[in-house]
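# Chain and residue survey
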Amino acid sequence: MKTQRGLALPMVVVLSCLCSVLLLAQWRNLAMAQALGHSAGLRWQLKQSALDTLRLAVDDIRLDTGDRRHQMGNSSDSHAFFPSTKQEWQVLQSRLTPNECQTGICRPLGSDNTTLAPWLRRLDQAQKAPSPSGQSARYWVEILPLPTANLGDSVFIYRITALAQNGEGGAQSGWQALWQPKPNDASQPLPALPTVDWVRLLPLSP
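Residues numbered from 1 in each chain as written. Predicted model: local features only at pLDDT ≥ 70, side-chain atom pairs only at ≥ 80, totals over all residues. Heavy atoms only, no water.

### Thoughts on the state of the cysteines
Heads up, the condition is: Here, a disulfide means two cysteine sulfur atoms that sit within 2.5 Å of each other. Partly exposed describes any residue whose relative accessible area lies between the buried limit of under 20% and the exposed limit of over 50%, with all areas from a 1.4 Å probe on protein chains only and scaled to the type maximum.
Considering all chains together, one arrives at one disulfide under this definition. Here Cys-101 engages in a disulfide with Cys-106; their sulfurs sit 2.1 Å apart. Because the torsion about its S-S bond is 105°, the bridge between Cys-101 and Cys-106 counts as right-handed. Taking the relative accessible area as the measure of exposure, Cys-106 reaches 0% and is therefore buried.

### With respect to the confidence of the model for the protein chain
What counts is decided by this rule: Note: pLDDT gives the predictor's confidence per residue, expressed from 0 to 100. For helices the rule is a DSSP run of H or I covering at least 4 residues; for strands it is a run of E covering at least 2, with both sets numbered from the N terminus onward.
With 78% of its residues at a pLDDT of 70 or more, the protein chain has an overall mean of 83. Strand β2 (residues 105–106) holds the highest mean pLDDT among the elements of the protein chain, 98, whereas helix α1 (residues 2–62) holds the lowest, 74.

### Considerations on the nonpolar core
Nonpolar side chains tend toward joint burial in soluble globular proteins. Defined as follows: As used here, the term nonpolar core means buried Ala, Val, Leu, Ile, Met, Phe, Trp, Tyr and Cys residues forming a set that is joined through side-chain atoms within 4.5 Å. Contact definition: two residues touch when any of their heavy atoms are within 4.5 Å.
Counting residues in hydrophobic clusters, the biggest one holds 29 residues, and the most contacted among them are Leu-54, Val-141, Ile-143, Tyr-158 and Ile-160. Elements represented by at least two residues in this core include exactly α1, α2 (86–95), β4 (135–145), β5 (156–166) and β6 (172–179). Those residues in contact with Tyr-158 that sit more than four places away from it in its chain are Ile-61, Pro-83, Val-141, Glu-142, Ile-143, Ala-177, Leu-178, Trp-179 and Pro-181. In terms of nonpolar packing, the next biggest core, distinct from the first, is built from ten residues, Cys-101, Leu-109, Leu-163 and Leu-202 among them.

### Let's talk about the packing of aromatic side chains
The cut-off we apply is this: Here is the rule: rings of Phe, Tyr and Trp (six-membered ring for Trp) pair when centre to centre is within 6.5 Å. Planes less than 30 degrees apart are stacked, more than 60 are edge-to-face, and the remainder are tilted. By definition here, charges over rings are those cases where NZ of Lys or CZ of Arg is within 6 Å of the ring centre and within 35 degrees of the ring normal.
Applying the stated rule across the entire model yields three aromatic pairs. On the basis of an interplanar angle of 35° and a centroid distance of 5.8 Å, the ring pair of Tyr-158 and Trp-179 is categorised as tilted. Taken as a pair, Tyr-158 in strand β5 and Trp-179 in strand β6 lie far apart in primary sequence, 21 residues in all. A single burial state applies to Tyr-158 and to Trp-179, both of which are buried. We note Arg-122 situated over the ring of Trp-119; from NZ or CZ to the ring centre the distance is 4.6 Å.

Spelled out as structure tokens, the structure:
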């Protein structure tokens, strides 16, 4: 009997240690699940911000508000603008010669590249867009002339790249779309992302 009573305390200590280890393991699993949930929620938010930035870029192209982004100006001007004819597009190319882009308006930058790295090097050439607190959003618009176009159709197709970031050097989400205006396109802001109007829509990899 004395021997049995002597083993009770070690057994209690062992069981207590085992319960502590199991509790710590469960706490670690909960912490990891919470971190994964937070990361997934942040990625979803950044994706929505990037997609909404694509819509804002389309509005920037479509809506002529009378500012310099829709006016070529004269030969002494050097600002970037959205051209309406191929002759104006040629003028834009000469103005963009020193750089690839200016305030988010770009010359054609070659074949498709589905990575974010080239755009991260062009942050200072992007157009900033409104974004939720704690995030930043930017976009670039490459203006690509079409070889042929029907009467009344746009002579350009636009390759739009949008980037949303969570602070400096944090998580990020990039999306790229090809968009071509329609002849009957209404001159008013788009209420939502017109996914049916995209020629192509794809995410960019890190």
